[in-house]
Amino acid sequence: LAISAVLSASVLPVYAAEDDAGGRTIEEVIVSVERVEQTLQSYEGTAIAMSQAALDTLGATDLLDLPALMPGLEISNYESNTELYVRGIGSNANTELGDPAVAPHLDDVYVPGPRGLGVAFFDLERVRINVGPQGTVRGRNALGGTVNVISRKPVLSEFQGYAEFSVGDFDQQELRGALNVPLGEIAATRLAVYSSKHDPYVENTGPLNNLLGWESQDDIGARAHFLLQPSDRFSVLLTGDYLNSRGTG
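Here is what the cut-offs are and how they apply
Residues numbered from 1 in each chain as written. Predicted model: local features only at pLDDT ≥ 70, side-chain atom pairs only at ≥ 80, totals over all residues. Heavy atoms only, no water. Phe/Tyr/Trp six-rings, centres within 6.5 Å; stacked < 30°, edge-to-face > 60°. Helix = DSSP H or I, 4+ residues; strand = E, 2+ residues; numbered from the N terminus. Buried < 20%, exposed > 50% of the residue type's maximum accessible area, 1.4 Å probe, protein only. Lys NZ or Arg CZ within 6 Å of the ring centre and 35° of its normal. Pairing = 2+ DSSP bridges.

## Comments concerning the packing of aromatic side chains
Applying the stated rule across the entire model yields two aromatic pairs. The interplanar angle of 10° and the centroid separation of 5.5 Å between the aromatic rings of Phe122 and Tyr194 together place this pair among those described as stacked. Of this pair, Phe122 sits in the loop between β11 (109–110) and β12 (124–131) while Tyr194 sits in strand β16 (residues 187–198), and the two are 72 residues apart along the sequence. Residue Phe122 is classed as buried on the basis of its relative accessible area, which comes to 0%. For Tyr194, a relative accessible area of 4% corresponds to the buried category. Their ring planes at 70° and their centres at 4.9 Å tell us that Phe170 and Tyr201 sit as a pair that is edge-to-face. Here Phe170, found in the loop between β14 (160–168) and β15 (172–182), pairs with Tyr201, found in the loop between β16 and β17 (217–231); they are 31 residues apart in sequence, far enough to count as distant. With a relative accessible area of 45%, Tyr201 lands in the partly exposed category. The side chain of Arg223 reaches across the aromatic face of Phe122, ending 4.3 Å from its centre.

This is the structure we're talking about:
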C-alpha cells in the first residue's frame, strides 16, 4: 500500500496531441543512440525509449521496474549489484574484477560499475535501451546492448519545479523533487534530490541478531546541472551527481 502527494509548478508533456482537424496525432520520438539525433522510425536498429512522463503514468519509480515495461530487458539486483541483460545476453561480473556485457550509461557517460545506477533513477528526461551489439558506437562492453539513463537538463528563461512524497508499508518514505532556476537569458541551473527508505522485508531471527534484516532500502541522491548557452551553436553543461545506497540489498 502506498499513498503519494505531488506538488508541481510545471506541466508534464503528453504523447498525443490534437491536430487542426480534431484528430489525435502521435509525436515523433527522437533518439540519439548513434550519437546523432534521428527519429526512432529512421533508426536501422532496435531501440526503446520511454520518457519520465510515461514512467510516471505506468508507476515505474525504480530501475528494477523497467523490465516490465521494456521487452527484452532483464535487471536483477543482488545486494545492490545491478545486473543488466538484454535478450538474454549480460554478465554478473559487475565488480572491479569484470566488465558488464550490457553497457550502462548515465547522461551518455559510461558507468563501468552499475552498482549505484538504480539510485540515479530520479528527475529523468527519458530512459533508452539499445538492443543488440553496439561495439562500434558504444565500446567493447556493449555486446548485448546499452542502457542509457538521461536526466532532465536546465531550461533557459523558465522557472519550474515539482515535489513528490509517498508513504507505504514497511515504513516506506520516498521524496523526489527538482527546481529549475533561470540565471539571466543565457544560463540556468537545475537541482534535483531523491530519498527513499523502507524497513527490511525479511526479519533476522537467527542467533546473529546484530545482522540487519534483508531487503531494506536507504538511498539518497542529488544532482546539479549548470547550463551556459550564449548562442544556438554553443553551449556548456556542467553536472555533478551524488548517489549513496546504504540498504541491505
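From this point, the discussion proceeds with the structure in view.
## A word on the sheet that holds strand β13 (residues 145–151)
Read across the open sheet, the five strands follow the order β6-β12-β13-β10-β11; overall the sheet is mixed. One side of each edge strand has no neighbouring strand; the edge strands of this open sheet are β6 (46–51) and β11. By the bridge criterion, seven bridges tie β12 to β13 in an arrangement that is antiparallel. Across the sheet, the residue bridging to Leu124 is Ser151, located in β13.

Purely spatial values, then, with no claim about function.
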